[in-house]
Amino acid sequence: MTELKVGIIGCGKIAYFHAKALLKIPGCRLVSACNRSEEKLRSFTKRYGISGYLSATEMVRTEHLDAVTICTPHPTHAKLAIACLNEHCHVLVEKPLAVSVAECDEMIKAAERNRVLLGTLVQRRFYQPCMRIRKAIDSGKLGHPILGEAVMLGYRSKEYYLSDPWRGSWKGEGGGVLVSQASHQIDLLNWYMGKIESIQGHFENYTHPFIEVEDSACAVIRYQGGGMATLLASNSQNPALYGRVHIFGSNGKSAGVKTDGGSMFIAGVSEIEEPPLCDLWTVDTTALERLQEQDATFFTLLDDKMIFFHQQSIANFLAAVAGRETLCADGFAGRATVEVCEAVYTMTKTGDNIWYSKDHLKD
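Residues numbered from 1 in each chain as written. Predicted model: local features only at pLDDT ≥ 70, side-chain atom pairs only at ≥ 80, totals over all residues. Heavy atoms only, no water.

Draft legend 1. Spatial organisation of the overall build of the chain. From N to C terminus, the chain includes 13 helices and 14 strands. Taking 363 residues into account, the globule formula puts the C-alpha radius of gyration at 21 Å, and the chain, at 20 Å, falls close to it. Projected onto its principal axes, the C-alpha positions of the chain cover 55 × 45 × 45 Å. Going through the 363 residues of the chain one by one, you find that 56% of them count as buried. The contacts in the chain between residues at least 6 apart in sequence include a share of 68% that link residues at least 24 apart. Just so you have it, the chain exposes about 15900 Å², and 51% of that area is on carbon and sulfur atoms. Computed over 38 positive and 41 negative side-chain charges, the inter-centroid distance for the chain is 3 Å. (Helix = DSSP H or I, 4+ residues; strand = E, 2+ residues; numbered from the N terminus. Rg over C-alpha atoms; globule rule 2.2 N^0.38 Å. Buried < 20%, exposed > 50% of the residue type's maximum accessible area, 1.4 Å probe, protein only. Contact = heavy atoms within 4.5 Å. Areas by Shrake-Rupley, 256 points an atom, 1.4 Å probe, with all protein chains shown as cover. Lys, Arg positive; Asp, Glu negative; His and termini not counted. Charge placed at Lys NZ, Arg CZ, Asp CG, Glu CD.)

Draft legend 2. View of the pairing of strand β11 (residues 242-249). The pairing of strand β7 (residues 145-153) with β11 spans eight bridges and is antiparallel. The partner of Leu147 across the bridge, within β11, is Phe248. In terms of strand pairing, β11 meets strand β12 (residues 254-261) through seven bridges, oriented antiparallel. Bridged to Val245 within β12 is Val257. (Pairing = 2+ DSSP bridges.)

Draft legend 3. Structural view of helix α12 (residues 305-321). When the terminal C-alpha atoms of α12 are compared, their 25 Å separation across 17 residues agrees well with the 24 Å that a helix rising 1.5 Å per residue should span. By the criterion of burial, α12 is predominantly enclosed, with 13 of the 17 residues buried. Among the residues trailing α12, Gly323 stands out with phi positive, at a value near 80°. (Expected span 1.5 Å × (residues − 1).)

Draft legend 4. Here's a closer look at the packing of helix α6 (residues 128-138) against helix α10 (residues 183-193). Where α6 contacts α10, the axes come no closer than 10 Å and their chain directions differ by 20°. Classed by the angle they form, the pair α6 and α10 counts as roughly parallel. Relative to α10, α6 is oriented so that their crossing is right-handed. Two secondary-structure elements touch here, α6 through Cys130, Ile133, Arg134 and Ile137 and α10 through Leu188, Trp191 and Tyr192. (Axes fitted to C-alpha atoms, helices over the stretch in contact; angles between N-to-C directions. Parallel < 35°, antiparallel > 145°, perpendicular 65-115°, else oblique. Left-handed = near helix turned anticlockwise from the far one by under 90°.)

Draft legend 5. Region of interest: the environment of Leu41. Along the chain, Leu41 falls in helix α2 (residues 38-48). Given the relative accessible area of 7%, Leu41 is considered buried. In sequence terms Leu41 and Ile9 are 32 residues apart; their C-alpha atoms lie 9.9 Å from each other. Residue contacts for Leu41: discarding those within four places in its chain leaves Cys11, Ala33, Cys34, Asn35, Gly52, Tyr53 and Leu54.

Draft legend 6. Seen up close, the sheet that holds β7. A sheet is described by the order of its strands in space; here eight strands give the open sequence β13-β12-β11-β7-β10-β9-β8-β14, paired in mixed fashion. Two strands lie at the open edges of the sheet, namely β13 (277-281) and β14 (355-356), each paired on one side alone.

Draft legend 7. Region of interest: a nonpolar patch on the surface. A grouping of Ile146, Leu147 and Met228 is seen on the molecular surface, where their side chains present a nonpolar patch of about 230 Å² in accessible area. For Ile146, the position within the fold is in strand β7. Classification of Ile146 as partly exposed rests on a relative accessible area of 34%. (Patch = residues over 30% accessible without salt bridge, like charges linked within 9 Å, V, L, I, M, F, W, Y side chains within 5 Å. Salt bridge = Lys/Arg side-chain N within 4 Å of Asp/Glu carboxyl O.)

Draft legend 8. Fine view of the environment of Gly252. You can see Gly252 is positioned in the loop between β11 and β12. Along the primary structure Gly252 and Ile354 are separated by 102 residues, whereas in three dimensions their C-alpha atoms are 29 Å apart.

Draft legend 9. Inspection of unusual backbone geometry at higher detail. The residue after Lys95, namely Pro96, is reached through a cis peptide bond having omega -10°. By secondary structure assignment, the location of Pro96 is in the loop between β5 (90-94) and α5 (101-114). Omega for the peptide link from Asn238 to Pro239 comes to 10°, which places this bond in the cis form. By secondary structure assignment, the location of Pro239 is in the loop between β10 (228-234) and β11. Unusually for a residue other than glycine, His64 sits at a positive phi of about 50°. Looking at the secondary structure, you find His64 in the loop between α3 (56-63) and β4 (67-70). With a relative accessible area of 60%, His64 lands in the exposed category. Of note in this structure, Arg115 is not a glycine but carries a positive phi near 55°.

Draft legend 10. Structural view of the side chain of Asp215. Relative to the assigned elements, Asp215 resides in the loop between β8 (196-204) and β9 (216-223). Nearest to the buried, unbridged Asp215 among oppositely charged side chains is Arg156, at 12 Å. One polar contact links Asp215 to His208, side chain to side chain, over a distance of 2.9 Å. There is a polar contact of 3.4 Å between the side chain of Asp215 and the side chain of Ser236. (Polar contact = N/O pair within 3.5 Å; in protein donor to acceptor, adjacent residues only side chain to side chain.)

Structure representation (structure tokens):
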């Protein structure tokens, strides 16, 4: 099999996770990186012994890349992705996919037009308890999902927002707790519940006067299959509490995961302190303790907890590029998360009462 040539766009904190992950994945080779700052670019490329570029398009063309991963600030995702997709290069984008539904649609269209893959990196889908819920839904153990809830109660300090110049502003980050932290729980909720029909929601900034964006939000989501779910997100809990997603089925059974606990992971700053655990499981009322022990043991035995799940997500994307696997989280998955965020932002700013989802339309 021909080795896939991969490049990384953006040389910030999360790019180091991508590089370490790529070095562990068989069948691919990290050959280059791109960044707008020469200093960061030189440091990154020297560390990994790869070529460096200031232009993503030039990098793709010169290195004849098969795929790139995008690790830049959120508002830059769409432009960079479309440029690479138009070079017939497969693209995997760190969450969120973009900062608007319109941008997501343009990215999806570019991928379809050029017959390449567009993927969203949402590594929590590869957590053991998260995959277990998906399998329970697929096998009918919950009937069909009728109710869901996603909660992300974390904390972000002033120092966190000062750590990068783009954080905490609409122009630089595209949003606050919804796009930057709760997007993982939103993605899981949509993955389990299905296609969105409508959204109602609101955001506020309660405890972070030094940033423009929201630190708290809530929403109610209606799904096309008839189910509905609630979303509650906040960066104002000090100390941080947890992130959870719970699903309730038509047969009275339920399943849930605590995706995050304690002081939550910040790329390049902190580590995952608590293992992701199954925290609700009435599919088999005698199994919860056993499943929690299984999840904790699996997590404890991981050699590199910080990059393992990124590695799983990137490996799935590259296997999909090679035609060996189905892509776990495509552009439509990323679009669904962005739609929830944009709906809440738009309703709060305009005073609208409800957002009705519009399906992606091809050219």
